[in-house]
Amino acid sequence: MAKTSRGLGPLHPQAAPAAADRLARTSLGREQQLELYRYLQLTRMTEARLGNLYRQGKVVGGLYSSRGQEAVSVGSAYALAPQDVIGPIIRNLGAMLVRGVQPREVMMQYMARADSPTGGKDANTHFGDISRGLVAPISMLGALIPVMAGVALAGRMLGKDLVAMTWIGDGGTSTGDFHEGLNLAAVLNVPFVLIAENNGYAYSTPTERQMRIKNIAVRAAAYGIPGEVVDGNDVLAVYEVTKRAVDRARAGGGPSLVEAKTFRMKGHAEHDDAGYVPPELFEQWRLRDPIDRFHRHLLAEGLASEDELAAIAAEIDKVLDAEVDRALASPFPPPERALEGVYEEGPPAEAEAGGVGAP
Ligand SMILES: Cc1ncc(C[n+]2csc(CCOP(=O)(O)OP(=O)(O)O)c2C)c(N)n1
Ligand SMILES: [Mg+2]
């Protein structure tokens, strides 16, 4: 990594930590750990299917894979209680699955079918359902942070025992909304947890080119809240650190920032071949693959056999086979659907009479 470009210093320092394989100590039992394994595999296998469907021209819109980062979404969302509310962003499919989103919804939505959660009107992970504690993603990076701080405040005002959680990329931590939202959450001392996914790149920009700090977690000090770095490729570590932050928030201790160090194992999106990432970084991080590591942990601890783990993957494969077929056989929405759901009760009378605000 002595490579330099335009005098801006080393090209990219997000080298993988040494491949020490021991995962964090955990309070989770066997059943819960197997559940975590299932969600990790479900996330990876769902996105792999979507990658194939994208190449066949079946996916409508973009596909922003979380490959290599699954432990961040899965481990953090797993630390929540049923009444909690999440605001996922584009690489948080794993968190949505943990919170109960079904593969059927995911397939229908990515292929923009009439029976998708948005009725075919939006794509990828861009859907929400407040009744299930799921705030829809917003493309504007950082914008969900003040929104989710507001959800946490609303929960407290309504006397609900809820914690609000959202995620942000390394690039997104340099937006104004990140600072304003986190400051607001801190000053109001609301039950809010922000997970910063430091995956080394914001599109093609290495992290070191858009901030001078090594650890995003230090930004928490500016707001007087705890900030902690965690190995984002160790699902147990992510769970344990997040659980502490969630418990503290629920007990009235206010918000926290968790920085999960990980790596984006694909391009920014499916159309991006990531040719700007030094190949040796992919090699280093492949050795730290979060699912392989957890798989080895489960075997080494005697929590599962190879056959049991293979059976989990086989069961997921069957579900995905069925849901892909079902979505492919489903109709697209009728064109008139574009006019539905725009206004709660139809357009205002003035609009029909010649335009809102017409003199
Ligand atoms: C406010 C804002 N600026 C720019 C963009 C365009 N954009 C979309 S994703 C992206 C890179 C995001 O990088 P990072 O926050 O590190 O998240 P990652 O993609 O690595 O998960 C950019 C610049 C946007 N969506 N919103
Ligand atoms: Mg990033």
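Structure first, text after, so check above.
Conventions used here
- Residues numbered from 1 in each chain as written.
- Chains lettered and ligands numbered in written order.
- Predicted model: local features only at pLDDT ≥ 70, side-chain atom pairs only at ≥ 80, totals over all residues.
- Heavy atoms only, no water.
- Donors = N, O, S within 2.8 Å, 3.2 Å for Na, K, Ca; no water.
- Helix = DSSP H or I, 4+ residues; strand = E, 2+ residues; numbered from the N terminus.
- Buried < 20%, exposed > 50% of the residue type's maximum accessible area, 1.4 Å probe, protein only.
- Near = heavy atom within 4 Å.
- Polar contact = N/O pair within 3.5 Å; in protein donor to acceptor, adjacent residues only side chain to side chain.
- Areas by Shrake-Rupley, 256 points an atom, 1.4 Å probe, with all protein chains shown as cover.
- 1 Å grid on protein atoms, 1.4 Å probe; cavity = no way out; pocket = protein on both sides within 12 Å on 5 of 7 lines; lining within 4 Å.
- Sits in = over half its atoms within 2 Å of the grid points.
- Nonpolar A, V, L, I, M, F, W, Y, C, P; charged D, E, K, R; others polar.
- Axes fitted to C-alpha atoms, helices over the stretch in contact; angles between N-to-C directions.
- Parallel < 35°, antiparallel > 145°, perpendicular 65-115°, else oblique.
- Left-handed = near helix turned anticlockwise from the far one by under 90°.
- Contact = heavy atoms within 4.5 Å.
- Core = buried A, V, L, I, M, F, W, Y, C linked by side-chain atoms within 4.5 Å.
- Points joined across faces, edges and corners; volume = space filled by probe spheres on them.
- Pairing = 2+ DSSP bridges.

### Focus on the coordination of the magnesium ion (ligand 2)
Point 1. At the metal site, the magnesium ion (ligand 2) is ligated by D170 (OD), N199 (OD1) and Y201 (O), and these contacts range over 2.0 to 2.2 Å.
Point 2. Positions of the donor residues of the magnesium ion (ligand 2) along the chain correspond to the pattern D-x28-N-x1-Y. You can see D170 sitting in the loop between β2 (164-169) and α6 (176-188) and its partner Y201 sitting in strand β4 (residues 201-202), a full 31 residues away along the chain.
Point 3. For D170, a relative accessible area of 1% corresponds to the buried category.

### Section: the site of ligand 1
Point 1. Contacts to ligand 1 come from 13 residues, most closely from R91, G171, G172, N199 and Y201.
Point 2. The contact in question runs from an oxygen atom of ligand 1 to an N or O atom on the side chain of N199, over 2.8 Å.
Point 3. Coverage of ligand 1 by the protein amounts to 65% of the 580 Å² it exposes when considered alone.
Point 4. The cavity where ligand 1 resides is the largest pocket.
Point 5. Of the residues that constitute the shell around ligand 1, the class distribution is five nonpolar, six polar and two charged.

### Quick notes on the packing of helix α1 (residues 30-55) against helix α4 (residues 103-110)
Point 1. Packing of α1 against α4 brings their axes to within 11 Å, and their N-to-C directions diverge by 25 degrees. Relative to α4, α1 is oriented roughly parallel. Remark: the crossing between α1 and α4 carries right-handed chirality. Every residue of α4 that contacts α1 at L42, T46, R49, L50 and L53 is listed here: P103, V106, M107 and Y110.
Point 2. Residues that form the contact of α1 with α4 fall into these classes: seven nonpolar, one polar and one charged.

### Notes on the nonpolar core
Point 1. By size, the foremost hydrophobic cluster in this structure holds 89 residues, and its most contacted members are F192 and F294.
Point 2. Not counting chain neighbours up to four residues away, the residues in contact with F192 comprise I145, M148, A149, A152, A164, T166, L182, A185, A249, G254, P255 and S256.
Point 3. One finds Y201, A274, V277 and F282 within the second-largest nonpolar core, a separate group that totals eight residues.

### Notes on empty space enclosed by the protein
It is the rolling of a water-molecule-sized probe over the atoms that shows where space remains empty.
Point 1. Here the structure, examined in full by the defined rule, presents one cavity of 30 Å³ or more.
Point 2. Of the volumes computed, that of the largest cavity is approximately 30 Å³.
Point 3. What lines the largest cavity is simply R99, G100, V101, R132 and L134.
Point 4. Taken together, the residues that form the lining of the largest cavity break down as two nonpolar, one polar and two charged.

### Observations regarding the packing of α1 against helix α10 (residues 306-328)
Point 1. It is the contact of α1 with α10, at a shortest axis distance of 9 Å, that shows an interaxial angle of 40 degrees. Considering their axes alone, α1 and α10 lie oblique with respect to each other. Between α1 and α10 lies a crossing of right-handed hand. Between α1 and α10, the residues in contact are R30, L34, Y37, R38, Q41, L42, M45, T46, R49 and L53 and E308, L309, I312, A313, E315, I316, D317, L320, D321, V324 and L328, respectively.
Point 2. Of the residues belonging to the contact of α1 with α10, the class tally is twelve nonpolar, two polar and seven charged.

### Overview of the pairing of strand β3 (residues 192-198)
Point 1. The buried count for β3 comes to seven of seven residues, which makes it a mostly enclosed element.
Point 2. Burial along β3 is two-sided: F192, L194, A196 and N198 facing one way and V193, I195 and E197 facing the other are all buried.
Point 3. Examined bridge by bridge, β2 and β3 share six bridges and lie parallel to one another. By the bridge assignment for β3, I168 is matched with A196.

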